[in-house]
Amino acid sequence: MYDIAVIGAGIAGCSIARELSRYNVRIILIEKNSDVADGTTKANSAIVHAGYDTKPGTLKARFNAPGAQMYERLCSELDVPYKKTGSLVLAFSLDEMKTIQKLYDQGISNGVSDMEIIGKDKVLEIDSNLSDELVGALYARNAGIVSPWELAIALAENAVENGVNLLLDSEVTNIEKMNGLYRLHMEDKLVEARLVINCAGLYSDKINEMVAAPSFKILPRRGQYNVFDKSLNFVNTVIFQCPSDLGKGVLISPTIHGNTFIGPDAEDIQDRESVQTTMEGISYIWEASARSAKGLKPNAVITAFAGIRARSSTDDFVIGESKEAKGFINVAGIESPGLTAAPAIAIHVADIVKELMGGLGANADFNPARRKVLRFIELSEEDKNILIKQDPRYGRIICRCESITEGEIVDAIHRKAGARSLDGVKKRVRPGSGRCQGGFCGPKVMEILARELGIDIKDVVKNSRKSYILTGETKDKSLYEDVHDFAAASKKI
Ligand SMILES: Cc1cc2nc3c(=O)[nH]c(=O)nc-3n(C[C@H](O)[C@H](O)[C@H](O)COP(=O)(O)OP(=O)(O)OC[C@H]3O[C@@H](n4cnc5c(N)ncnc54)[C@H](O)[C@@H]3O)c2cc1C
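Residues numbered from 1 in each chain as written. Predicted model: local features only at pLDDT ≥ 70, side-chain atom pairs only at ≥ 80, totals over all residues. Heavy atoms only, no water.

Attention shifts here to the overall build of the protein chain. When helices and strands are tallied, the protein chain shows 13 helices and 22 strands. Scaling as 2.2 N^0.38, a compact globule of 493 residues should have a C-alpha radius of gyration of about 23 Å, and the protein chain matches this with 24 Å. Along the longest, intermediate and shortest principal axes, the C-alpha atoms of the protein chain span 80 × 65 × 50 Å. Residues counted as buried form 56% of the 493 residues belonging to the protein chain. The contacts in the protein chain between residues at least 6 apart in sequence include a share of 70% that link residues at least 24 apart. (Helix = DSSP H or I, 4+ residues; strand = E, 2+ residues; numbered from the N terminus. Rg over C-alpha atoms; globule rule 2.2 N^0.38 Å. Buried < 20%, exposed > 50% of the residue type's maximum accessible area, 1.4 Å probe, protein only. Contact = heavy atoms within 4.5 Å.)

Set out below in structure tokens:
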């Protein structure tokens, strides 16, 4: 029996589980996928928004700027790469400059500091590749970039280190309320808890409807992206255009690991799993980003991806105890700026839990710091040599595009909440994120996974439970037992 069951291990669920692990409560974090951060948290713009574009008075506005302010400390505690790059919202006409002024005023109401409206010359000093046609911009120095999935994984790892139980491959299919407890049914498991926190992202309306009448709907909205090779070192800051009814528009941004990307578009869709990219979507983001900057090269694109926003029919985050189900807390409709707001949402949800449970005692063993991740490429030559002498696996480069060593991959597998799949390793230490997209390193990573997990290489999966990569051997050795040439073997077939 648990005090608290958190459903969904995206950035919301992981932030909340980790925040609650500061207290003396039994917590279980339940995820239907085979890894943490496999929903919307793994496919978004990765921007820590300063907070000027959320409507004052909304929950989005309430949690955005405070969330952004918590990033520096949080990422340093958890050893997650984060960079305060600043952001620019470009204006291409005097009319758009009025929008810039509105965003600035909105930012002031939302408690955003360090913003400035600047003219064309200053904009081009900050980012010289931008269009000559721009008139000015809103410069928000507090915006930043992060790796959303690395942060969610680090939060989950730290939560587990502080006593949270993480249950993967476990889809909640039904919830019953019995004698003041919730019983969460999964295919082959049953979990009981006093409180339930619904962080199920795109499925949060379905989870809510397991205990209450529908009070909001999730309206999926897809966004597509192109990612460029690191050779295209294009912008230093996050480049937005003036927002529209469909959101913040197409942006050009650096990633925390040194790539550039463009996107997203905004397309309302029915299917909550439809993460494919389309010709229309990709063409749109190219057209739109060409307005911000010239010189983006299609031949530098290394991959495309899409993410789906869990937009709520209420047009705001849905956070709080259900009116109909005592002890059932919704953290739903967490679309943008949900990544930014997550640390502040977690503190707010912990306050709700404290109230519902009549206070919480501190977890005396809570440690906010995660064991540091050794990033080989960031070490000095001297430190690299020392490390290789201590552990020769750090001397074997597995991913040549990103310079990732065997030692880093093995560590990613053996950490708490460690990698279990090819994508799990990629999300943690990036082999397969470079120009070859795993073409060279993929098989080697599979061998390491099989060896370290003690499984057959045919059982190594790409991401989910049955996403096998190898279906069998290309040459059945038994055919060659008593014959020694291919012609004879062919006859035997
Ligand atoms: C295109 C796009 C761009 C964005 N850009 C930004 C940005 O730049 N900055 C920003 O701040 N925000 C951004 N966001 C928003 C941000 O990505 C989300 O707010 C955030 O990732 C939502 O996290 P979550 O934990 O609520 O959902 P998710 O990450 O989707 O996690 C929900 C989890 O619940 C699990 N789950 C679902 N049903 C069940 C079940 N029945 N049982 C068990 N588990 C279940 C899912 O598998 C999933 O892992 C963007 C979003 C999109 C789509």
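Looking now at the environment of Ala-362. Tracing the backbone through its elements, the reader meets Ala-362 in the loop between helix H8 (338-356) and helix H9 (381-390). Along the chain, Ala-362 and Leu-20 lie 342 residues apart, while their C-alpha atoms are 9.6 Å from each other. Leave out the neighbours within four places in its chain, and Ala-362 touches Arg-22, Tyr-23 and Asn-24.

Attention now moves to the side chain of Arg-311. One can find Arg-311 in strand S18 (residues 301-312). Of note is the side chain of Arg-311, whose polar atom sits 3.5 Å from the side chain of Asp-268. Those residues in contact with Arg-311, other than ones at most four positions away along the chain, are Lys-217, Ile-218, Leu-219, Arg-221, Asp-268 and Glu-335. (Polar contact = N/O pair within 3.5 Å; in protein donor to acceptor, adjacent residues only side chain to side chain.)

Okay, the pattern of salt bridges next. The full count for this structure, using the stated rule, is 43 salt bridges. Its salt-bridge partner being Asp-229, residue Arg-435 comes within 3.6 Å of it at the nearest N-O pair. Of this pair, Arg-435 sits in the loop between helix H11 (422-429) and helix H12 (442-453) while Asp-229 sits in the loop between strand S13 (218-228) and strand S14 (238-241); the two residues are 206 residues apart in sequence, bridging distant segments of the chain. According to the relative accessible area criterion, Arg-435 is partly exposed, its value standing at 45%. Ionic pairing is found between Asp-268 and Arg-311, a salt bridge with its closest N-O pair at 3.5 Å. Placement of Asp-268 in strand S17 (residues 267-268) and of Arg-311 in strand S18 is noted, with a sequence separation of 43 residues between them. Judged by its relative accessible area of 46%, Asp-268 falls in the partly exposed class. Ionic contacts of the salt-bridge type, sharing partners, join the residues Asp-35, Asp-38, Lys-42, Lys-427 and Arg-428 into one network. (Salt bridge = Lys/Arg side-chain N within 4 Å of Asp/Glu carboxyl O.)

Another aspect to go through is the site of the ligand. Of all residues adjacent to the ligand, which total 38 residues, the nearest are Glu-31, Thr-41, Ile-47, Ile-334 and Thr-340. Take Thr-41: an N or O atom from its side chain is 2.5 Å from an oxygen atom of the ligand. In this structure, a nitrogen atom belonging to the ligand sits 2.8 Å away from a main-chain N or O atom of Ile-47. Protein burial of the ligand: of its 1,000 Å² of free accessible surface, 97% is covered by the chains. Across the shell around the ligand, the residue classes tally to 18 nonpolar, 15 polar and 5 charged. (Near = heavy atom within 4 Å. Areas by Shrake-Rupley, 256 points an atom, 1.4 Å probe, with all protein chains shown as cover. Nonpolar A, V, L, I, M, F, W, Y, C, P; charged D, E, K, R; others polar.)

A separate point is the state of the cysteines. Scanning the entire structure with this criterion turns up 0 disulfides. Looking at Cys-199, it has no disulfide partner, and the nearest cysteine sulfur is the one in Cys-14, 8.9 Å off. A relative accessible area of 7% places Cys-199 in the buried class. (Disulfide = S-S within 2.5 Å.)

Ile-4, Ile-197, Val-331 and Val-353 are the most contacted members of the largest nonpolar core, which totals 55 residues. At the level of elements, strand S1 (2-7), helix H1 (11-20), strand S2 (27-30), helix H2 (59-78), helix H5 (148-161), strand S12 (190-198), strand S20 (328-332) and H8 are the ones that each hand at least two residues to this core. Tallying contributions element by element places H8 first for this core, with 10 residues. Setting aside chain neighbours within four positions, we find Val-331 in contact with Ala-12, Ile-16, Ile-197, Asn-198, Cys-199, Val-318, Ile-319, Ile-345 and Val-349. Counting 26 residues, the second-largest nonpolar core is a separate cluster that includes Leu-90, Leu-124, Ile-126 and Ala-300. (Core = buried A, V, L, I, M, F, W, Y, C linked by side-chain atoms within 4.5 Å.)

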